[in-house]
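# Structural overview for review
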Amino acid sequence: MKMISKAFGKNLFGADYEKLTKSVCIWPIVFLGLRMAGLKVQIAPFMGYLMISAFTAGVMWQALSSKNGAGSMQNMFMLPLGRQEFVFSYTAMLGVYTVFTKTAALMSVLFAVSAWNLREILIAILCAVHAVFMTAAVFSVRKYWYAGCFWAAAVTVTILFLGKKAWFVPFLIANGILSVMILRNADGYSFYLQEGKNGYAVKGHKHHSVWRYLLRYLMCHKNYLANTAIMWGMACVLPLFFKQTEGLSGVPIGFAMLSFNTPLSILLSCAPALEQAVRLLPDQKRAFCIPYCLFLFTCNLTANMLFLCSWQIQNGGVTVLVILTAVFFAMQSAVGSVLLEWFCPVREWKIESDLWHHPRKYIVPVVMFFLAGAAGMLPVMVILPMLAVLLAAESMVLLFR
């Protein structure tokens, strides 16, 4: 079991476990920095437990769904390994990766900005470990997806309504034991994702189409579609949180928040073969980047328009200038994302979860928040020409450089 864990560990963390070492050094520094800054936010412990559990489960599911992980697993199947030995080694190393490189970041922030005693910290760590094993168990029997959804919903309700009770910890332990029992009956092939089963037929076409490729890619990666649907649902709910703002000052902030649909902005980084083809073939920069930019613009604009429709229904006051601002914000986010993908693609990632949480992806949303702040301080008739000039300059770089 030690040898199998070592093989998976080197694949996830590098030959010398440098990624794990870096995470162990960075997150305490983040904790100390936030603690010294004096930032304080009141967070109920049960909400912290839910955040940690949901975040850990999401990252663990992404790691289990990684195609790169499936490739390395296929090589391991050639070795004479015991079933339980393989399953628990694989689960344990993915759990270490999830908790130490991703969940530790969330814990560092939560523990720094809110008051947690030792008991609550230990329960939070138990929630993370519990989420790792439960997610692995659900993934191993994912063909019974309805049972997995019911199980996840039951645990969520338990955390929300019974997180303060004394027997919450025994519940986590009992549920974790149930997860381990399910994993004992699983084998390595329960975690292997076969390629080529995308659920729809691919027809031949005489002419190439980047839009057709992007739509097919999304059909093969349902998690990207789910993330987009969640963002569009969020666009309908966001106006509720801006009722206390004066006039339309909260609208640009809403546009900036909706630019966080980052999975769609890394389609070149997550497909190295496509990136290589686009860069090698003649005139592929314009042939790919312009449709890709329009595709992102359409997705961003749809979210912004849903946000404005919801705002008009709940608060009213949407004008033509506000609609133009939505168009400029959508285009700015799309052009910025494509520029980053072309000039600064994310490389040397191990599994898709590394790509989804890479800091580079958040550059465009942060810039959008700065623009939202400027839009809140300056008149719309001033900020729109500034955005137009910025977009023109970026478009020239994208097309002619």
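Attention in this report is confined to the structure presented alongside it.

### Considering the overall build of the chain
- On a plain count of helices and strands, the chain comes out with 17 helices and zero strands.
- Burial statistics for the chain: of 401 residues in total, 44% are counted as buried.
- Within the chain, contacts between residues at least 6 apart in sequence are counted, and of these 83% link residues at least 24 apart.
- Taken as a whole, the chain presents about 21000 Å² of accessible surface, with 71% of it coming from carbon and sulfur.

### Observations regarding the packing of helix 3 (residues 45–64) against helix 6 (residues 118–140)
- Closest axis-to-axis distance for the helix 3/helix 6 pair is 8 Å, and the angle between their directions is 35 degrees. Once helix 3 is placed against helix 6, the crossing between them reads as right-handed. Across the interface between the two elements, Pro45, Tyr49, Ile52, Ser53, Thr56, Ala57, Met60, Trp61 and Leu64 from helix 3 touch Glu120, Ile123, Ala124, Cys127, Ala128, Ala131, Val132, Thr135, Ala136, Val138 and Phe139 from helix 6.
- Within the contact of helix 3 with helix 6, the residues separate by chemical class into 16 nonpolar, three polar and one charged.

### Quick look at the packing of aromatic side chains
- For the coordinates displayed, the defined rule picks out 10 aromatic pairs.
- Look at Tyr49 and Trp116: their rings are 6.1 Å apart centre to centre, the planes differ by 65 degrees, and that puts the pair in the edge-to-face class. Of the two residues, Tyr49 is situated in helix 3 and Trp116 in the loop between helix 5 (83–113) and helix 6; the sequence distance between them amounts to 67 residues.
- Residue Tyr49 is classed as buried on the basis of its relative accessible area, which comes to 2%.
- We classify Trp116 as buried; its relative accessible area is 12%.
- Seen from their ring centres, Phe255 and Phe307 are 5.7 Å apart, and the 75 degrees between their planes marks the pair as edge-to-face. Separated by 52 residues along the polypeptide, Phe255 in helix 11 (residues 251–258) and Phe307 in helix 13 (residues 284–314) bring together distant segments of the chain. There is no split in this pair, since Phe255 and Phe307 are both buried.
- Clustering of aromatic rings is evident, with ring pairs tying together Tyr49, Phe111, Trp116 and Phe168.
- Just above the ring of Phe139 sits the side chain of Arg142; from NZ or CZ to the centre is 4.3 Å.

### Side note on the packing of helix 3 against helix 7 (residues 145–162)
- Where helix 3 meets helix 7, the closest approach of the two axes is 8 Å, and the angle between their N-to-C directions is 160 degrees. It follows that helix 3 is roughly antiparallel to helix 7 by the angle criterion. In this structure, the crossing between helix 3 and helix 7 has a hand that is right-handed. Mapping the contact onto sequence places Phe46, Met47, Tyr49, Leu50 and Ser53 in helix 3 and Thr156, Ile159 and Leu160 in helix 7.
- Tallied by class, residues from the contact of helix 3 with helix 7 come to six nonpolar, two polar and no charged.

Analysis parameters
- Residues numbered from 1 in each chain as written.
- Predicted model: local features only at pLDDT ≥ 70, side-chain atom pairs only at ≥ 80, totals over all residues.
- Heavy atoms only, no water.
- Helix = DSSP H or I, 4+ residues; strand = E, 2+ residues; numbered from the N terminus.
- Buried < 20%, exposed > 50% of the residue type's maximum accessible area, 1.4 Å probe, protein only.
- Contact = heavy atoms within 4.5 Å.
- Areas by Shrake-Rupley, 256 points an atom, 1.4 Å probe, with all protein chains shown as cover.
- Axes fitted to C-alpha atoms, helices over the stretch in contact; angles between N-to-C directions.
- Left-handed = near helix turned anticlockwise from the far one by under 90°.
- Nonpolar A, V, L, I, M, F, W, Y, C, P; charged D, E, K, R; others polar.
- Phe/Tyr/Trp six-rings, centres within 6.5 Å; stacked < 30°, edge-to-face > 60°.
- Lys NZ or Arg CZ within 6 Å of the ring centre and 35° of its normal.
- Parallel < 35°, antiparallel > 145°, perpendicular 65-115°, else oblique.

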